[in-house]
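Observations on the three-dimensional arrangement
As a plain string of letters, each chain reads:
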Protein chains: 2
Amino acid sequence: MQEVRVFAPATVANVAVGFDILGFAINRPGDEIVARFNPDRKGLRITKITGTGDKKLPTEVEQNTAGVAAQRLLEHLGKAELGIDLEVHKRMPFGSGLGSSAASAAGAVVAVNELLGAPLSRESLLYFSVLGEQVADGSFHADNVAPSLVGGITLIRSNESLDVHKLPVPDGLRVAVVHPEIEILTRDARAVLSKTIELSLAIQQMGSLASFITALHTNDLPLLGRSLHDYVIEPQRKQLIKGFDDVKEAAMSRGALGCSISGAGPSVFALCDSGYLAQAVGQGMQDAFTAHGVSSQLYVSPINQTGVTILSSK
Amino acid sequence: MQEVRVFAPATVANVAVGFDILGFAINRPGDEIVARFNPDRKGLRITKITGTGDKKLPTEVEQNTAGVAAQRLLEHLGKAELGIDLEVHKRMPFGSGLGSSAASAAGAVVAVNELLGAPLSRESLLYFSVLGEQVADGSFHADNVAPSLVGGITLIRSNESLDVHKLPVPDGLRVAVVHPEIEILTRDARAVLSKTIELSLAIQQMGSLASFITALHTNDLPLLGRSLHDYVIEPQRKQLIKGFDDVKEAAMSRGALGCSISGAGPSVFALCDSGYLAQAVGQGMQDAFTAHGVSSQLYVSPINQTGVTILSSK
């Protein structure tokens, strides 16, 4: 094999009830990553980054999420001497709360692993992807990387030990994700958060979380809807998203099961019990952003169950 | 029907990962409640309370958990004029962290409902039992009452709306509960708790909670074991239980899946993957208490799946 091209999906982390522990993948948008042998030189390099618009991502391997993830994998396999060129084609906005850096890291390890004849399982690749994302985010956490890599709705019991579990997805569950053209840096989104929370709120949040997990396991969409409340993080972060209350109201009044901030924002997601409804809900959310003078993109999708897919290999 | 006698089981609330939202019932100990028509007078009264040792429980209906629970039910049914005598036979210690007041409240409503020909379903009785327990505890919460009433492991999404869910119980799950002769009042156990918790600890706790719920739904005892950690409450409350660290160490070193404080304490529970192990674990826990000069009782049980049972009716 000389070249592998993969697609790594965007992800919605936190999911209202699972700050830092829950995430799910959607079908679009996402990143494309190409890994190609280069017999003329040694070591990994990033030869092309496209799709970043007027922003820039570093091409130095050790400063790029895809680069670090792939490099750590190659070192683990004792193949760091191999000449490999990596291309990163951003097909999604970054700083959007849709796990852009996680998608690049997840895509890079799958592309390189596949190029080498797939010596490691998909699950074994998680650690290296998380190391990659750590470059962008500064902390070791898998809530975006895990669903981008393996798909589905993933639960992380412990980021430290990467004890990750893929949860069942109720029939008919669809998601509308609206990305408004507002910029929020993850570190700013972290900075607005209080370091402590009220015990009484934590209890409500834990009731919601446990019920949400139960709803997934029992295919109970009404319970899922009653459970999708963020008592802790959303009230602190929504100030960073112009028009958030109206956007959420637009989603809920149209019949969404729940609506909250995707990851660190500014994207907003709504879960719905059908694709038709998700489309209508998403358009309502866009209209609400427009009324606040904010333009946006809408993505409607089922939960992506496959994670990174291999687009071509030759 | 003239007389109904019921048994209401003791319960373990909080369960390490679900402060105020999780609880389960065990087979023994528990309370016996008798409800009997008295044609010679009107209204409810409590005619006998036994098993309280050198402590006393109020016999005034409006000050007794069983009395209030039964009275509210009778008022709801428009039967408050009926002459009914209630007997409360405590077959369990109170102030033990085993849901003594909840068992009395749950038993009373089932006994009275049955005496009247069972006009209400078991689930419909929950509200009245919680009103009864509120007398003892001061707050409206169902984490002991729900499992005593309906059995199993129960999750409370919201105490306010009593959105309660009975969760699946993994095969082979057994519990050892050790009640040390230490007195802790629920209000004192509440008083030691900080009103706020660190966000970082809340995240770890939520990872454990979500994994515990998943373990129940997927019959995954190893995951259940990895999940049974209380990062928030146990560290604050264990100071009230002499020898707690050694008791927990005794449980874990013998192979318990997890060990923590039952309810507000002082009872300590351990979950195990067999009855033999639960017996050995429980004896080890007792030995550890003894080494600290604390005598104790041991109860080994599966999860009680039935809740309040009717012992006799005539």
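Residues numbered from 1 in each chain as written. Chains lettered and ligands numbered in written order. Predicted model: local features only at pLDDT ≥ 70, side-chain atom pairs only at ≥ 80, totals over all residues. Heavy atoms only, no water.

Residues and elements named next belong to chain A. The element strand β10 (residues 268-272) is largely enclosed, with a buried count of 5 among its 5 residues. Burial along β10 is two-sided: the face carrying Val268, Ala270 and Cys272 and the face carrying Phe269 and Leu271 are both buried. Sheet topology places strand β7 (residues 174-180) next to β10; 5 bridges connect them, and they run antiparallel. Bridge pairing in β10 places Arg174 opposite Cys272. Judged from the 4 bridges that link them, strand β9 (residues 258-261) and β10 form a sheet pairing that is antiparallel. Considered in β10, the bridge of Cys259 is made with Ala270. (Buried < 20%, exposed > 50% of the residue type's maximum accessible area, 1.4 Å probe, protein only. Helix = DSSP H or I, 4+ residues; strand = E, 2+ residues; numbered from the N terminus. Pairing = 2+ DSSP bridges.)

Interface size is commonly expressed as the accessible area that is lost once the parts come together. At the junction of the two partners, chain B supplies 34 residues and chain A supplies 34 residues. Both faces considered, chain B and chain A share a buried interface measuring about 2800 Å² in area, 69% of it formed by carbon and sulfur atoms. Per-residue buried area on chain B facing chain A is highest for Arg157, Leu199 and Met206 of chain B; these three make up 23% of the total on that side. Linking chain B with chain A are 2 salt bridges. Summed over the shared surface of chain B and chain A, the result is 9 residue pairs in polar contact (both at pLDDT 80 or more). Listed by contribution, the elements that provide at least two residues to the side of chain B that touches chain A are β5 (153-158), β6 (163-167), β8 (196-198), α6 (199-218) and α7 (221-227) of chain B. With 14 residues, the top contributor of residues to the side of chain B that touches chain A is α6 of chain B. For the side of chain B that touches chain A, a count of residues per class yields 17 nonpolar, 11 polar and 6 charged. (Contact = heavy atoms within 4.5 Å. Buried area = accessible area lost by both parts, 1.4 Å probe. Salt bridge = Lys/Arg side-chain N within 4 Å of Asp/Glu carboxyl O. Polar contact = N/O pair within 3.5 Å; in protein donor to acceptor, adjacent residues only side chain to side chain. Nonpolar A, V, L, I, M, F, W, Y, C, P; charged D, E, K, R; others polar.)

What follows deals with the pattern of salt bridges. All names here are of chain A. Using the criterion set out here, one finds 29 salt bridges over all chains in the structure. For the salt bridge of Arg190 with Asp20, the shortest nitrogen-to-oxygen distance reads 3.0 Å. With a gap of 170 residues between them, Arg190 in helix α5 (residues 186-191) and Asp20 in the loop between β1 (3-13) and β2 (22-37) connect regions that are remote in the sequence. When its relative accessible area of 31% is taken as the criterion, Arg190 is described as partly exposed. Judged by its relative accessible area of 9%, Asp20 is buried. Between Lys90 and Asp31 there is a salt bridge, and its shortest N-O distance comes to 2.5 Å.

Right, let's get into the environment of Thr309 of chain A. For Thr309 of chain A, the location among the structural elements is in strand β12 (residues 309-313). Here the alpha-carbon distance between Thr309 of chain A and Val150 of chain A, two residues 159 residues apart in the chain, equals 9.4 Å.

Consider a sheet: its strands pair through backbone hydrogen bonds, and that pairing is either parallel or antiparallel. All names here are of chain B. Taken together, the 4 strands give an open sheet; going across it, the order is β9-β10-β7-β11, and neighbouring strands pair in antiparallel fashion. Both edges of this open sheet fall to β9 (258-261) and β11 (296-302), since each of them pairs with a single strand only. When the angles between neighbouring strand axes are averaged without regard to direction, this sheet yields 20°. Its contacts with the sheet put helix α9 (residues 244-253) on β9 and β10 (268-272), and the angle it makes with β9 is roughly 155°. (Axes fitted to C-alpha atoms, helices over the stretch in contact; angles between N-to-C directions.)

Moving on to the relation of the copies chain B and chain A. Turning chain B through 180° and shifting it by 0.0 Å along the axis lays it on chain A, with an RMSD of 0.0 Å. Interpreted geometrically, this transformation is the action of a two-fold axis. Same-surface contact between copies: 100% of interface residues of chain B are shared with the interface of chain A. (Least-squares fit on C-alpha atoms with pLDDT ≥ 70 in both.)

Residues and elements named next belong to chain A. Feature annotation in UniProt places "binding site: ATP" (unreviewed entry) on Pro93, Phe94, Gly95, Ser96, Gly97, Leu98, Gly99, Ser100, Ser101, Ala102 and Ala103, given in this structure's numbering. With respect to the secondary-structure elements, Leu98 resides in the loop between β4 (84-91) and α2 (100-115). Not counting chain neighbours up to four residues away, the residues in contact with Leu98 comprise Ala10, Thr11, Val12, Pro29, Met92, Asn144, Val177, His179, Ser262, Ser267 and Tyr299. Among the secondary structure elements, Ser101 is positioned in helix α2. Here Ser101 is in contact with Thr65, Lys90, Glu133 and Ala136, once residues within four sequence places are set aside. (UniProt positions renumbered as here; feature names shortened; annotations may be inferred.)

Attention now goes to the domain arrangement of chain A. All names here are of chain A. When cut into domains, chain A gives domain 1 (3-167 + 304-313) and domain 2 (174-302). A separation of 25 Å is found between the C-alpha centroids of domain 1 and domain 2. Contacts between domain 1 and domain 2 engage 29 residues on the former and 34 residues on the latter. Summing the contributions of domain 1 and of domain 2, the shared interface buries around 2200 Å²; its carbon and sulfur component is 67%. On the domain 1 side of the interface with domain 2, the three residues burying the most area are Ala16, Val17 and Phe19, jointly 26% of the side's total. Inspection of the region where domain 1 meets domain 2 yields 2 salt bridges. (Domains from an automatic or database assignment.)

This paragraph deals with the sheet that holds β10 of chain A. Residues and elements named next belong to chain A. With antiparallel pairing, 4 strands are arranged side by side in an open sheet as β9-β10-β7-β11. Where the open sheet ends on each side, the last strands, each with one partner, are β9 and β11 (296-302). Going from strand to strand, the sheet's axes swing by 20° on average, the running direction of each strand aside. Helix α9 (residues 244-253) contacts β9 and β10 of the sheet and is inclined by roughly 155° relative to β9.

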